[in-house]
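# Chains, contacts and geometry: an overview
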Amino acid sequence: MSPGLSVNRREFLKTGATGGAALVIGFYLSDVRLADQARDQEKKPPNPFDAWVHIGKDNRVTLILGKSEMGQGVYTALPMILAEELSLDWRKVKVEQAPTNPAIYDHGTGGSGSVAGSWLPLRRAGSAAREMLITAAAQRWNVVRDTCKAQNGGVLHGARKDFLTYGELVEDASKLPIPDFNTVPLKNSDDFAIVGKDTPRLDARAKSSGAAKFGIDSRVPGMLYAVIARCPVFGGKVAKFDATKAKAVPDVREVVQIESVGPGAFTAGGVAVLADNSWAATRGRAALEITWDEGPNANESSDSLRHDCVENASKPGKVVRNDGDADAALASSSKKIEAVYEFPFAPHATMEPMNCTVHIRPDGAEAWVPTQGPQWAQSVIAGVSKLPPEKVVVHTTLMGGGFGRRYQADFVMEAAQVAKAVGKPVMVLWTREDDMQHDFYRPASYHRMWGALDAQGNLAAWKHFQSSTSIAAMWRQNGTEQAENGEFGTAAFIPYKSANYRVEYTLAKSGVPRAWWRSVEHSTSGFVVESFVDELAAAAGVDPLEFRLRLMGDDRKIEDFTNPKEGKPLDTARLKGVLKLAAEKAGWSKPLPKGLGRGIAGYFSFDSYTAVVAEANIMDGKVRVHRLVYAVDCGRPVNPDGVRAQVESAAIYGLSAALHDAITIKGGRVEQSNFGDYEMPRMAETPKTEVHVIMSKEEPTGIGEPGLPVVAPAVCNAIFAATGKRIRRLPVRQEDLA
Amino acid sequence: MAITFTLNGKSQTLPSDVSPEMPLLWVLRDVLNLTGTKFGCGMAFCGACTVHLNGDAIRSCMTPVSSVAGKRVTTIEGLSPDASHPVQRAWIEEDVPQCGYCQSGQIMSATAMLAKKSNPTDADIDEAMSGNICRCGTYQRIRKAIHRAAAMSAAAKKPAA
Ligand code: FES
Ligand code: FES
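Since the structure is predicted, the reported quantities are computational estimates derived from the model, not experimental observations.

## Looking at the packing of aromatic side chains
All names here are of chain A. For the structure on display, the rule yields 19 aromatic pairs over all chains. Considering the side-chain rings of Phe493 and Phe604, the 6.1 Å spacing of their centres and the 80° angle between planes classify their relative orientation as edge-to-face. Of the two residues, Phe493 is situated in the loop between helix H16 (471–475) and strand S20 (501–507) and Phe604 in strand S23 (residues 597–605); the sequence distance between them amounts to 111 residues. With relative accessibility at 2%, the residue Phe493 sits in the buried group.

Rendered as structure tokens:
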């Protein structure tokens, strides 16, 4: 196995940070790691007063945000870190989005990594600025530096009772030598006054008044609105088209064809209709006459894919992991169980459909992009316009949801192509139907599980076979099939002790685009592991919580099998901690009203620990979730209320895929088109959700996604407790409840 | 003939070349540049485009602009000049928005309900808010914010002792 070739998102984000051109070659990670290191060494720390902290002489402080806000709260949490080190008055802080400049900012936003990845860099940046301000004050007063300290937006000399505001010091401070970021002293965490406190979101007001500007709200004088007719079959192309009727629609201005672009952008190409307003553009598109060449995928369907998976599962796969001899242990065990779990494609369905506004002029370009990867957007536009990247100004706008979808640059590529073709500012706008049918979906997967218990009720064997439409296979250039540990995540290093542990993988080939969906492989791996262990508990006749704790055994740290170099180890003590806390808060051992069931799940993802207890039953033939009690340990919570919000959000997102609709394929295209046939949870079915956040002092870790993997297994385990029915395919179908 | 209606308290006459069939949503967003009202689905499934028509919550994406002629339209921008409407204040205090994209529509649905039911039950909220999807799953906080707004308005109405 070559860990260097496993493409997980963490690595992707990093390579993405080197620019879009590096994207494809980025998969040869050993090279990229070296390049990264070289770059890091070259990188001189920028002046913090240019890059992160703008202080006006009037004492107004503006903190600069290099990440993208898509709802996850970085617009608040990251400035909190800077403000903490700077000892600012939080109420006076303002935030601005950074210009796209990969030399200074690590822009890529995803992998639940923004707070975790920015924690140290931002603390250092804030500390460097603070130290410079203190030095400036000491020089002004002509006193020993140690007698001065930062406090409340200024520097105080305790003995002299003198105070200088940062505004009075910034001009001198910004001219001082910049401290070494690696050795600059950081604040003692016991003195934290901002970090760790529930802090209201800075963007709540703008988002409650209609003032917040999302990508779709970008307005440029003279702009046209474009919608694109794309081949509904993945991989298909325009054979011929007639735009006469489209051009006859009032307010339609132009019709242009754009080519599809392969790996790196994965656009469908098609015919763009440009008009003075969005509505005319969609009507113009409806009037286009297009003949499609449906291409090689026109026969793919969810049925054909499932058939392939079943076939794959009847044969051994590529070995991802092999400890001991699982097959022998299974053969000799008297207590063994088997189960198959299945998952369909899942769409991101961000509330704001994809869109991108680009203006390409001969001397430069400007773009307004709701993107998780502004540097990638910049390089895509640079490539299409043939301008150097530094001539491409990318404004990262607020986003109506990201969830991984907005890491792609397909919609940016399209907008750049259309803008280039017409020479005017253009917004490419996707309708909901476009968004539902041309997403990069969470892979479909099929899992076969075998487990055995020994006479003492310990795990004697754990075997996991998976066939999926892997993400990496789509992005990999050379078409090789691999033992994809990236499709397993924590399922390749479960916390449950088994001497005989085997994991196998076979690629299921598909023309459907796939990529990172909220919590990525963990959304399915979490379900498989936490459902199957529950099945084993039932087979052993042991309480599911008790069983999990017992199988984890002594406290220990388990290396991240999928990313041993960079992933943090799984600490079973912390996982047990959240399981026990959730159980305690939920009243695990207390009886429930008749007909109601309680289920539990605990899981490790994005270096964080989550557990949830669900209370559910079946009402009118449907699963009804009444209550969710979460416990989460994501290291030091920068904004605990922000952590709770993210977990509440991930719960609903997970329930959506678990209890509502699937993306299904027929004739090489997506069958669903809008929220009418892809329903999502609404107010009435929202369970009462409690989130208990462990006030850890460990380094902060991810929280945008880890709430998701546990919710579906906990709910289905609760359904089992209530009814004795095991749910093994998602979303839950009525026939599986009957 | 040019269409005239009352928009956020002021008379608004549309340019005569605006098609009477154009949905109100696109008139607001692309013709009048009032972008607080959002496009989510275009099919009355999600509620992102909710505005008030003569005080009722409607889906502007499926409302031809001709049908609002002579009527009163209120958008999120017209609710208050400074986010001071009790519902907006409650939204901020409960820290409701995440991505925020659905929230104009959520707030417009909530305000229309509260205008009719000043002290809604959970069941009232379930029903009135059933047309609004939040992909970020902020429903629990929306519910709390609606109760908070109702309490705020009730307190404001109480005659001073
Ligand atoms: S955009 Fe009108 S209901 Fe969705
Ligand atoms: S806050 Fe994001 S969709 Fe509701």
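## As for the packing of helix H17 (residues 522–540) of chain A against helix H18 (residues 544–552) of chain A
All names here are of chain A. Running from N to C, H17 and H18 cross one another at 105°; their axes reach a closest spacing of 9 Å. Of the possible angle classes, the one that applies to H17 and H18 is roughly perpendicular. Between H17 and H18, the contacting residues are Glu530, Val533, Asp534, Leu536, Ala537 and Ala540 on the first element and Pro544, Phe547, Arg548 and Leu551 on the second. Broken down by class, the residue content of the contact of H17 with H18 amounts to seven nonpolar, no polar and three charged.

## Details of helix H5 (residues 139–157) of chain B
An α-helical segment advances 3.6 residues per turn. Residues three or four places apart therefore align on the same side. With 19 residues, H5 of chain B should reach 27 Å at 1.5 Å per residue; the first-to-last C-alpha distance of 27 Å fits that figure. Of all the positions in H5 of chain B, only Tyr139, Arg141, Ile142, Arg143, Ala145, Ile146, Ala149, Ala150 and Met152 of chain B are classed as buried. The elements touched by buried residues of H5 of chain B are helix H20 (640–659) of chain A together with helix H2 (86–93), helix H3 (103–116) and helix H4 (122–128) of chain B.

## Focus on the pairing of strand S10 (residues 270–275) of chain A
Residue and element names in this part refer to chain A. Counting buried residues in S10 gives six out of six residues, a clear majority hidden from the surface. Relative to S10, strand S7 (residues 224–229) runs antiparallel, the two being bridged by five bridges. Each bridged residue has a counterpart across the sheet, and for Ala229 the counterpart in S10 is Val271. The pairing of strand S9 (residues 252–258) with S10 spans six bridges and is antiparallel. Bridge pairing in S10 links Ile258 to Gly270.

## Thoughts on the environment of Val426 of chain A
Residue and element names in this part refer to chain A. Checked against the element boundaries, Val426 lands in strand S17 (residues 426–429). A relative accessible area of 0% means that Val426 is categorised as buried. For the pair Val426 and Val220, spaced 206 residues apart in sequence, the C-alpha separation works out to 8.5 Å. Those residues in contact with Val426 that lie beyond four places of it in its chain are Leu224, Ala226, Leu274, Cys356, Thr357, Val358, Val418 and Ala419.

## Details of the sheet that holds strand S5 (residues 154–157) of chain A
Strand pairing in a sheet takes place through backbone hydrogen bonds and is either antiparallel or parallel in direction. All names here are of chain A. The three strands lie next to each other as S4-S5-S6, forming an open sheet whose pairing is antiparallel. Edge positions in the sheet fall to strand S4 (148–151) and strand S6 (162–165), since each of these pairs with one other strand and no more. The sheet shows a mean angle of 25° between the axes of neighbouring strands, direction not considered.

## What about the environment of Asp126 of chain B?
Along the chain, the position of Asp126 of chain B falls in helix H4. The residues contacting Asp126 of chain B, other than those within four sequence positions of it, are Met683 and Ala684 of chain A together with Arg143 of chain B. Within the structure, the side chain of Asp126 of chain B is placed 2.8 Å from the side chain of Arg143 of chain B, a separation counted as a polar contact.

## What to know about the confidence of the model for chain B
Summing up the model confidence of chain B, the mean pLDDT is 96 and the portion of residues at 70 or higher is 99%. Interface confidence for the predicted complex, given as ipTM, is 0.97, next to a pTM of 0.94.

## Some thoughts on the interface of chain B and chain A
Taken residue by residue, the interface counts 49 residues in chain B and 58 residues in chain A. Summed over the three residues of chain B that lose the most area to chain A, namely Gln98, Arg135 and Tyr139 of chain B, the buried surface amounts to 19% of that side. Between chain B and chain A we count five salt bridges in total. Two residues, Glu648 of chain A and Arg141 of chain B, come together in a salt bridge whose shortest N-O distance is 2.9 Å. Viewed at the interface, chain A and chain B are joined by 32 residue pairs in polar contact (both at pLDDT 80 or more). Top element by residues in the side of chain B that touches chain A is H5 of chain B. It accounts for five residues. For the side of chain B that touches chain A, the per-class residue count stands at 23 nonpolar, 15 polar and eleven charged.

Analysis parameters
- Residues numbered from 1 in each chain as written.
- Chains lettered and ligands numbered in written order.
- Predicted model: local features only at pLDDT ≥ 70, side-chain atom pairs only at ≥ 80, totals over all residues.
- Heavy atoms only, no water.
- Phe/Tyr/Trp six-rings, centres within 6.5 Å; stacked < 30°, edge-to-face > 60°.
- Helix = DSSP H or I, 4+ residues; strand = E, 2+ residues; numbered from the N terminus.
- Buried < 20%, exposed > 50% of the residue type's maximum accessible area, 1.4 Å probe, protein only.
- Axes fitted to C-alpha atoms, helices over the stretch in contact; angles between N-to-C directions.
- Parallel < 35°, antiparallel > 145°, perpendicular 65-115°, else oblique.
- Contact = heavy atoms within 4.5 Å.
- Nonpolar A, V, L, I, M, F, W, Y, C, P; charged D, E, K, R; others polar.
- Expected span 1.5 Å × (residues − 1).
- Pairing = 2+ DSSP bridges.
- Polar contact = N/O pair within 3.5 Å; in protein donor to acceptor, adjacent residues only side chain to side chain.
- pLDDT = per-residue confidence, 0-100.
- Buried area = accessible area lost by both parts, 1.4 Å probe.
- Salt bridge = Lys/Arg side-chain N within 4 Å of Asp/Glu carboxyl O.

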